[in-house]
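Summary of the model geometry
These are the residues of each chain, in order.
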Amino acid sequence: MISVIMPAYNSERYISEAIESVINQSYKNFELIIVDDGSTDRTPEIIDKYAETDLRIKAFHRENAGVSAARNFALQNICGEYVTFIDSDDMYHTDRLKIMYSVFEQNPECDAVFVDFKEFKGDISINETVGLGETEIIDKDILKNVISDTKKHFVWNAMLKSKIAKKEKFAPLRFAEDFCYSRDCAVCFKQIAVLDEILYFYRRDNENAMTGHFFTEKYVPDYMKLVENIYSFCKSDQPEDAFYKKMVAHEYAQSCMRVRKSTSYKNFVKCMNDGKFREGIDFADASKCTLFEKVLFFMVK
């Protein structure tokens, strides 16, 4: 069995399409776990209606606690040997589960399979026949590979062995929580597969999505927590590795831009002088970053 996890919050406009793209999969041996994260619109009603007609759907309703808490709750309730994710405004290709499962069958040592995705606005056809692209098997420097490739930062274009997925938790962040989760899981990966095929469709025109309200005051704590999370991981995992020192410098440079765009200059300076933030700056090495990041890092330092 494959477990599909869908967190949902105020998704009444798109969630039916998301659910339909899962229940209409050509691969039938799955469970769909939908966690309603305290929605205030018709989302709970829509979820329950589907759960009543399809026994493969398990519906849970919880108080609003964020997408990370919703996914963590779902991970505690999965039954499948493999687990994958979908956001409540996105869609699967009809053969997504079948194709990804077949990669595991052909490569039993694989711990995770990643596929490509396509961003879209409005309507899109998800039933086009796919000609399978090449499958790349990676069994060396997996952690660095996952960290370096932005297409492996998301959980919704990945399928993992549940025994690994259940060991980790999503960080309590509203931004880049899936990057942190993928990174933490990658520590346990012995082999991964990367399939060059578009099997996931990512909606870009949802006005309620976080990406539409990126630079706002309320996300400043998340930007600060993210760099603290990354610094703590790098310091504990590979404290002397230049790759990790560069990654911390890169993230600190990016974070300073995000914070500056989201808050007042007074609060920006306060954030930049935070004790834990300064600790990460001392650890980081920007010598191999881009010129732009070097300048940013120097100014913050």
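I will try to describe carefully the structure that is included in this document. (Residues numbered from 1 in each chain as written. Predicted model: local features only at pLDDT ≥ 70, side-chain atom pairs only at ≥ 80, totals over all residues. Heavy atoms only, no water.)

Our focus in this paragraph is the pattern of salt bridges. Per the counting criterion, the structure on display carries 16 salt bridges. The partner of Glu 17 in a salt bridge is Arg 203, with the nearest N and O atoms 2.9 Å apart. Highlighted residues: Glu 17 in helix H1 (residues 15-23) and Arg 203 in strand E9 (residues 192-203), separated in sequence by 186 residues. For Glu 17, a relative accessible area of 36% corresponds to the partly exposed category. For Lys 58, the salt bridge goes to Glu 31, with nearest N and O atoms at 2.9 Å. Pair noted here: Lys 58 is in strand E3 (residues 57-62) and Glu 31 is in strand E2 (residues 30-37), with a separation of 27 residues, a long-range link. For Lys 58, a relative accessible area of 28% corresponds to the partly exposed category. A relative accessible area of 3% places Glu 31 in the buried class. In this structure, a network of salt bridges that share partners links the residues Arg 71, Asp 87 and Glu 177. (Salt bridge = Lys/Arg side-chain N within 4 Å of Asp/Glu carboxyl O. Helix = DSSP H or I, 4+ residues; strand = E, 2+ residues; numbered from the N terminus. Buried < 20%, exposed > 50% of the residue type's maximum accessible area, 1.4 Å probe, protein only.)

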